[in-house]
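A structural walkthrough
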Protein chains: 2
Amino acid sequence: MHQHIPTPERVLARDLVALPEGAPASLAGWVHRRRILKSLTFLVVRDRSGLAQVVVRDAAVARHVEALPEETVVSVSGTVFHNPDAPGGAELVGPAVVALTEPAEAPPAELWRPTFAAGLPTRLDHAAVTLRHPRHRAAWEIAAASMRGFRSALGGLGFTEVMTPKLVETATESGANVFELDYFGRPAYLAQSPQFYKQMLVGVFERVFEVGPVFRAEPHDTVRHLAQYTSLDAELGFIRDHRDVLAVLRSAVVGMVEAVETYAGDAAALLGVQLPRVPDEFPVIHFRDALARVGADPDEPDLSPAHERALGEWARAAYGSDFLAVEGYPMAKRPFYTAPEPGDGRWSASFDLLFRGLELTTGGQRLHRPSDYAAAVERAGIDPEVMGGYLDAFRHGMPPHGGFAIGLERWVARLTGAENVREVALFPRDLHRLAP
Amino acid sequence: MHQHIPTPERVLARDLVALPEGAPASLAGWVHRRRILKSLTFLVVRDRSGLAQVVVRDAAVARHVEALPEETVVSVSGTVFHNPDAPGGAELVGPAVVALTEPAEAPPAELWRPTFAAGLPTRLDHAAVTLRHPRHRAAWEIAAASMRGFRSALGGLGFTEVMTPKLVETATESGANVFELDYFGRPAYLAQSPQFYKQMLVGVFERVFEVGPVFRAEPHDTVRHLAQYTSLDAELGFIRDHRDVLAVLRSAVVGMVEAVETYAGDAAALLGVQLPRVPDEFPVIHFRDALARVGADPDEPDLSPAHERALGEWARAAYGSDFLAVEGYPMAKRPFYTAPEPGDGRWSASFDLLFRGLELTTGGQRLHRPSDYAAAVERAGIDPEVMGGYLDAFRHGMPPHGGFAIGLERWVARLTGAENVREVALFPRDLHRLAP
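The rules behind the values
Residues numbered from 1 in each chain as written. Chains lettered and ligands numbered in written order. Predicted model: local features only at pLDDT ≥ 70, side-chain atom pairs only at ≥ 80, totals over all residues. Helix = DSSP H or I, 4+ residues; strand = E, 2+ residues; numbered from the N terminus. Buried ≥ 20, exposed ≤ 12 C-beta atoms within 10 Å, placed from the backbone. Contact = placed C-beta atoms within 7 Å. Least-squares fit on C-alpha atoms with pLDDT ≥ 70 in both. Domains from an automatic or database assignment. Axes fitted to C-alpha atoms, helices over the stretch in contact; angles between N-to-C directions. Parallel < 35°, antiparallel > 145°, perpendicular 65-115°, else oblique. Left-handed = near helix turned anticlockwise from the far one by under 90°. Nonpolar A, V, L, I, M, F, W, Y, C, P; charged D, E, K, R; others polar. Pairing = 2+ DSSP bridges. Core = buried A, V, L, I, M, F, W, Y, C linked by C-beta atoms within 7 Å.

**Focus on the overall build of chain A**
- Broken down by element type, chain A carries twelve helices and 18 strands.
- Each principal axis of the C-alpha distribution contributes one length, and for chain A these read about 85 × 60 × 45 Å.
- By residue count, 51% of the 436 residues in chain A fall in the buried class.
- In chain A, 63% of the contacts between residues at least 6 apart in sequence involve partners at least 24 apart.

So, in C-alpha cells, the structure goes:
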C-alpha cells in the first residue's frame, strides 16, 4: 500500500551496535553536538534512545555538517563501524547527512553539556527546547514509568481506572485555593482532587484508581506546590481499616519502583537515583508515639518537617526502611470524611507515609455510614445541600472504604533529589507561570 | 502486624464456584435483590465480580434480610452449595447476614431489573447510584479496558506517556468554545486538546501519548458532545507521511479491541458488543474519490453523515472492514498546523478514520518547518506573539511528525451502540449539567 520506504530503515542509536560491522545504516535525530577537528568532524546524533557518533572524513560532508547547528533534525546514512570508544560501542562512518528541517536556532543553553548551564527560569521559559536535555528528559521518564507501574500494580489488584469531572459545582472539599471559571454563565470550579468521585465510584466498582490532573490555586510561591499537578489516586471498598489501605499503597509503590527500574533504568542511573527497597510491610508508628519519639509536646497537632526528618532517620535505623507510616493523626487536622480510630475519636484511622523523612502521601479510612456523614458535615459547617450527589451515595449503601493519593511530581522530586517540583514537571503552572 | 482478620476470608461472587461443596465462605457486597417466598428467601449479592445467590431457610435470618433493602451493603457467611441453577453455578446456604452500613434508601429505579427503567436525566441526576446497574457499569468497564489497551499498544511502540497543562494562556487552537477562568487575577483558558504540547514533546521524546481530560465549552446540546471528555492522544516524529500515523492508529485500535476482549469480555457480552476485526491495514480512500463514490459534488468541502454511512457500507462490502480511512481532506477544512499533500496543496496529508460509517478520529501529518509555520500562522490570522513557546519549538528543530486523537466516550458509544455519549461517561458535563 505504501511504497517510498527509504533504504536502509532507520535504526535507533542504541541499536547501532547490534548491526554487523560494514552494514549500511540510517540514523535520524537531532544534531546533539559537532566537534570539528582538522581532518575529522564528529557529529553526535541524539534520538529517543540515546546518542550515536558519526565520523565524517569527507571534506564536503564536513562543510555541510558545519552548517547544521546543534538541534537541527537530520537523517544520516552510513556504514556501521564497531568502536569501543564510541558511545554505545559503534559509530557510523562514511555518512551522507540530510537535514529534515531548516537549520535550528541555538537553544538558550547548550544541551550537549552534561549539566544544563542556565537557571530554572530560563529552563522553564523555554521548556519545549530545554526538556530535550538528557537530564531533564530523564526526570520525566521516571515520572512516566511511575505512572505505568502504579496502574499496573492496581490493575493487578482488581482496580478499575476511572476518569472523573474536573469541572465541579461546589468548592467545598477544602474551601480555599480553588480556581473559579465561567461555566455557560454560572460559576464552576476546577476539582482540587477526585476525592468525592472516587468515593462514589467505590459504590460502583469497589476498587478504583485515577491518574490525572488536579488544580490548586496555591497563592504561595513554594518549591513544593504547583497550580496543576498529576495525582495518583486510589480508593477501595470492603476494607477492615486503614491498614488495608496502607497495604495497597505499598503494592502501588512496589509497582512504581519496579517500573522505574524496568522502563527508566537508564534515566535513573543518569540522575544517580538510588531506588528504595520497599519492605514487605511498611513500618507503622502511631502519631502519639511519633511525638514522644521526637520529644515533641504530646498536644502538638502535627509533625514539623524536622520531626519528619528525625522519624525518617529512626525508621532507617530501626527497620532499615526508607518508608515509615505514621497513623492516627488527630481528627481535628483531617478532612471531614475521615474515619476515627475505633474506640478513640481523638485519633483518625488515617496515615501519612514518609519517604526518606518527607511526607509522600496521605491516606486512610473514610466514613461510610450516612448518619456519620450527616454529623460530620454539620460539624464542619458545610451546607448538606451543596454536597448533593456525594451524600446521596452513602444513603444508598456504601461499604467501609479508604484510599490515598500520591503527587506524581513530589514522588519524582523525592526520588531524584530535586529541590523544586518544577524541575520534574513538563510545563509547570504556578502563581507566575501560565506558559509555555 | 494486623490481627482481626475475619474468618473465612471474603470470596468474590465469581470465585464461589471454585470452592468445594460444604466449604465455609463469606461474600460481601450490595443487596442486589431479595425474593421472599413462603418458606424460602433468596438474597442476591452483587460485588465487583458479579452476582451470587444466597439461600435463606432460617426464619429469623429471613426476617433480618427482609429489613435490608436493596443496595444495603452486607457481609454474608455461609456454606458453599454447588447448584447449576444458581448464577455462576454455586450458591451460599445457611447464611449469617451482617449489614456493614445502615439500610439503604431505594434507588431512583430498581437496579436488579435487566433494563434500567428510568430515563437518561434521572440516570444522570443520580449517577453515583445508577452507575451501579450492571449495564451502565459495563459501558465504563469497556472504556477502562480501552484506555489500558491504548497505553499498552503505544508503550510497546516506544511511546512515552506525558501529562500536559490544562490551564493555558491563549485560546488560539480553535478559537471558540473555550472555558475562561481567573488565574491569579489574569485570564486563562482550559485546554481544548493537548495538540500544541504533544507536538512540542515530539521534540523531546519523539513519540508521546496522553490520556486525559479535554474541555470544550460546547454551546449546543447534542448527543455527540460533552464539555469534558477523555482524549486518547498520540503524536510521533520521524514519519514519512500520514500513512505512518495511520499505521500507529491501527496498532492502538488493535490494542484497544484486544484489551476489551481480555479485561471487559463479560461487559462486552452483556451489552451485546460485536468487537470489530481490525484489518492488517486500514483500507484508504482519497477524499476526492470518496466524493465521487457517494455521488457528491466534487467541490464539496466535507463528507455528510449520509456520505460517511455510505462509505462505511462500501468498506464493509469491498474490504470486509468496519474501518475506512479517508485521506486528503481539503486543506481549507483542516487546522493551520496541518501538512499539505506533497505536490498538491489543495489536499491535506491528513485523514479521518470512519468506524462503521461514523467518524471516530482525525489525524495526519503536521507542518514541521519554522518557515511553514510562519506562513500558516499568518494565513490563519493568528498573532505569532501569542503562540510563543509553540512556534519556538519549530525554530529549534522539529522532525516530520503527525498524530491523532480518539475521543474515548465516542469510541465506547460506537462499540456499544449508545445513541448519546452521556450514556457511556461516568459523570458527564454539558451545557446544563455540572453535577453530580
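**Quick look at the relation of the copies chain A and chain B**
- When chain A is fitted to chain B, the best match, at an RMSD of 0.0 Å, comes from turning it 180° and sliding it 0.0 Å along the axis. The relationship between the two copies is best expressed as a two-fold rotation axis. For chain A, the smallest separation between a C-alpha atom and the rotation axis is recorded for Leu181 of chain A, amounting to 2.1 Å.
- Of the residues that chain A buries at the interface, 100% are likewise interface residues in chain B, meaning the two copies contact each other through the same surface.

**Quick look at the domain arrangement of chain A**
- For chain A, the assigned domains are domain 1 (13–99) and domain 2 (127–424).
- For domain 1 of chain A versus domain 2 of chain A, the distance between C-alpha centres works out to 46 Å.

**Details of the packing of helix α4 (residues 134–156) of chain A against helix α6 (residues 242–263) of chain A**
All names here are of chain A.
- In contact at an axis separation of 7 Å, α4 and α6 are set at 135° when each is read in the N-to-C sense. Viewed along their axes, α4 and α6 adopt a mutual orientation that is oblique. Crossing of α4 over α6 shows right-handed handedness. Across the interface between the two elements, Ile142, Ala145, Ser146, Arg148, Gly149, Phe150, Ser152, Ala153 and Leu154 of α4 pack against Ser251, Ala252, Val254, Gly255, Met256, Glu258, Ala259, Val260 and Tyr263 of α6.
- When grouped by side-chain class, the residues that make up the contact of α4 with α6 number eleven nonpolar, five polar and two charged.

**Focus: helix α5 (residues 195–205) of chain A**
Residues and elements named next belong to chain A.
- Buried residues dominate α5, accounting for eleven of its eleven residues.
- For α5, the set of buried residues is Gln195, Phe196, Tyr197, Lys198, Gln199, Met200, Leu201, Val202, Gly203, Val204 and Phe205.
- Immediately downstream of α5, the backbone of Glu206 shows phi near 70°, a positive value.

**Structural notes on the sheet that holds strand β11 (residues 228–237) of chain A**
Residues and elements named next belong to chain A.
- Read across the sheet, eight strands follow the order β6-β10-β11-β18-β17-β16-β13-β12 without closing on themselves; strand pairing throughout is mixed. Of all the strands in the sheet, just β6 (160–161) and β12 (284–286) have a single pairing partner and so form its edges.
- In the sheet, strand β13 (residues 323–327) pairs with strand β16 (residues 350–355) via five bridges, with the strands oriented antiparallel. The residue bridging Glu327 from the neighbouring strand is Phe351, located in β16.
- Each of β6, β10 (207–215) and β11 is contacted by α4, which is oriented at about 155° to β10, the strand it contacts most.

**Some points on the interface of chain A and chain B**
- Every contact between the two is made by 84 residues of chain A and, on the other side, 84 residues of chain B.
- Broken down by element, the side of chain A that touches chain B gets its largest block of residues, six residues, from α4 of chain A.
- Within the side of chain A that touches chain B, the residues separate by chemical class into 41 nonpolar, 19 polar and 24 charged.

**Observations regarding the sheet that holds strand β11 (residues 228–237) of chain B**
Residue and element names in this part refer to chain B.
- On the basis of which strands lie adjacent, the open sheet formed by eight strands has the order β6-β10-β11-β18-β17-β16-β13-β12 and mixed pairing. The sheet is open, and its two edges are formed by β6 (160–161) and β12 (284–286), each paired on a single side.
- Bridge count for strand β16 (residues 350–355) against strand β17 (residues 358–366) is six bridges, and the pairing is antiparallel. From the neighbouring strand, Phe355 faces β17, where its bridge partner is Leu358.
- Contacts from helix α4 (residues 134–156) reach β6, β10 (207–215) and β11, with the element oriented near 155° to β10.
- Running over the sheet, helix α12 (residues 408–416) touches β11, β16, β17 and β18 (401–407) and is turned about 60° from β18.

**Some points on unusual backbone geometry**
Residues and elements named next belong to chain A.
- Between Ala435 and the following residue, Pro436, the backbone shows a cis peptide bond with an omega angle of -5°.
- Inspection of the secondary structure puts Pro436 in the segment after α12 (408–416).
- The backbone phi angle of Arg356 is positive, close to 50°, even though this residue is not glycine.
- Considering the arrangement of structural elements, one finds Arg356 in the loop between β16 and β17 (358–366).

**Regarding the environment of Phe427 of chain B**
Residue and element names in this part refer to chain B.
- Structurally, Phe427 is set in the segment after α12.
- Taking the C-beta count within 10 Å as the criterion, Phe427 has 24 such neighbours and is therefore assigned buried.
- A sequence separation of 397 residues divides Phe427 from Trp30, and the C-alpha atoms of the two residues are 22 Å apart.

**Concerning the environment of Gly203 of chain B**
- Mapping Gly203 of chain B onto the fold places it in helix α5 (residues 195–205).
- Classification of Gly203 of chain B as buried rests on a count of 25 C-beta atoms within 10 Å.
- Measuring from C-alpha to C-alpha, the distance between Gly203 of chain B and Pro428 of chain B comes to 34 Å, with 225 residues separating the pair along the chain.
- Those residues within four positions of Gly203 of chain B in sequence are excluded, and the remaining contacts are Ala128 and Arg132 of chain A together with Ala393 and Met398 of chain B.

**Section: the nonpolar core**
- Within the largest apolar cluster, 253 residues are counted, with the highest numbers of intra-cluster contacts made by Val45, Ile142 and Val326 of chain A together with Val45, Ile142 and Val326 of chain B.
- Ignoring any residue separated from it by four or fewer positions in sequence, one finds Val326 of chain A in contact with Ile285, Phe287, Ala290, Leu303, Leu311, Phe351, Asp352 and Leu354 of chain A.

**Topic: the pairing of β10 of chain A**
Residues and elements named next belong to chain A.
- In terms of burial, β10 is a largely internal element, nine of the nine residues being buried.
- As paired elements, β6 and β10 share two bridges and run parallel to each other. Directly across from Thr160, in β10, lies its bridge partner Val208.
- Pairing analysis gives nine bridges linking β10 to β11, with the strands arranged antiparallel. Considered in β11, the bridge of Phe215 is made with Gln228.

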